[in-house]
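# Overview (structure and organization)
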Amino acid sequence: QVQLVESGGGLVQAGGSLRLSCAASGRTFSSPAMGWFRQAPGKERDFVAAITSVGNTYYGDATKGRFTVSRDNSKNTVYLQMNSLKPEDTAVYYCATGASRRLWVLGEYAYWGQGTQVTVSS
């Protein structure tokens, strides 16, 4: 079993930045890929970014070039640096793990955090 706890969300003005963290505990953290998804009110949960155990990264079209995913295996933590934030980035952000392929597909992940709210004001 894996436990994931997100933090770092909050209220920020458009154009600002936030860094989200996701701390993992339980099973070995260094092996699996880690993903970030987000869900706005009334919408589906969408892929944001993912990082493999060796540091390969993937991004959704809406966040490519503005967001950066990274990980620190010594701290069992994955990060999402979000720059140039827009009001449409407002959502609950979730981290997830347990996927071994198709890291952009929500259903591939076995474990999820509770999410952290990000609100971007215009």
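Residues numbered from 1 in each chain as written. Predicted model: local features only at pLDDT ≥ 70, side-chain atom pairs only at ≥ 80, totals over all residues. Heavy atoms only, no water.

## Quick notes on the pairing of strand S8 (residues 77–82)
Counted residue by residue, S8 has five buried out of six residues, so it is predominantly covered. The pairing of strand S3 (residues 18–26) with S8 spans six bridges and is classified as antiparallel. Bridge pairing in S8 links Ala23 to Thr77. As judged from the six bridges shared by strand S7 (residues 67–72) and S8, these two strands associate in the antiparallel manner. Residue pairing for S8: Val69 is matched across the bridge by Leu80. The turn joining S7 and S8, which pair antiparallel and follow one another in sequence, is formed by four residues; a positive phi near 55° is taken by Asn76. (Buried < 20%, exposed > 50% of the residue type's maximum accessible area, 1.4 Å probe, protein only. Helix = DSSP H or I, 4+ residues; strand = E, 2+ residues; numbered from the N terminus. Pairing = 2+ DSSP bridges.)

## Examining the packing of aromatic side chains
The tally for this structure, following the rule as stated, stands at five aromatic pairs. Ring centres of Phe37 and Phe47 lie 5.6 Å apart, and the angle between their planes is 70°; on these two criteria the pair is classed as edge-to-face. Of the two residues, Phe37 sits in strand S4 (residues 34–39) while Phe47 sits in strand S5 (residues 45–51), which places them ten residues apart along the sequence. Using a relative accessible area of 17% as the deciding quantity, one classes Phe47 as buried. (Phe/Tyr/Trp six-rings, centres within 6.5 Å; stacked < 30°, edge-to-face > 60°.)

## Examining the sheet that holds S8
If you trace the four strands from one edge of the open sheet to the other, you get S1-S3-S8-S7, paired in antiparallel fashion. Each of the sheet's edge strands pairs with one partner strand only, and the pair in question is strand S1 (2–7) and S7. Averaged over all neighbouring strand pairs, the angle between strand axes comes to 15°, with direction disregarded. (Axes fitted to C-alpha atoms, helices over the stretch in contact; angles between N-to-C directions.)

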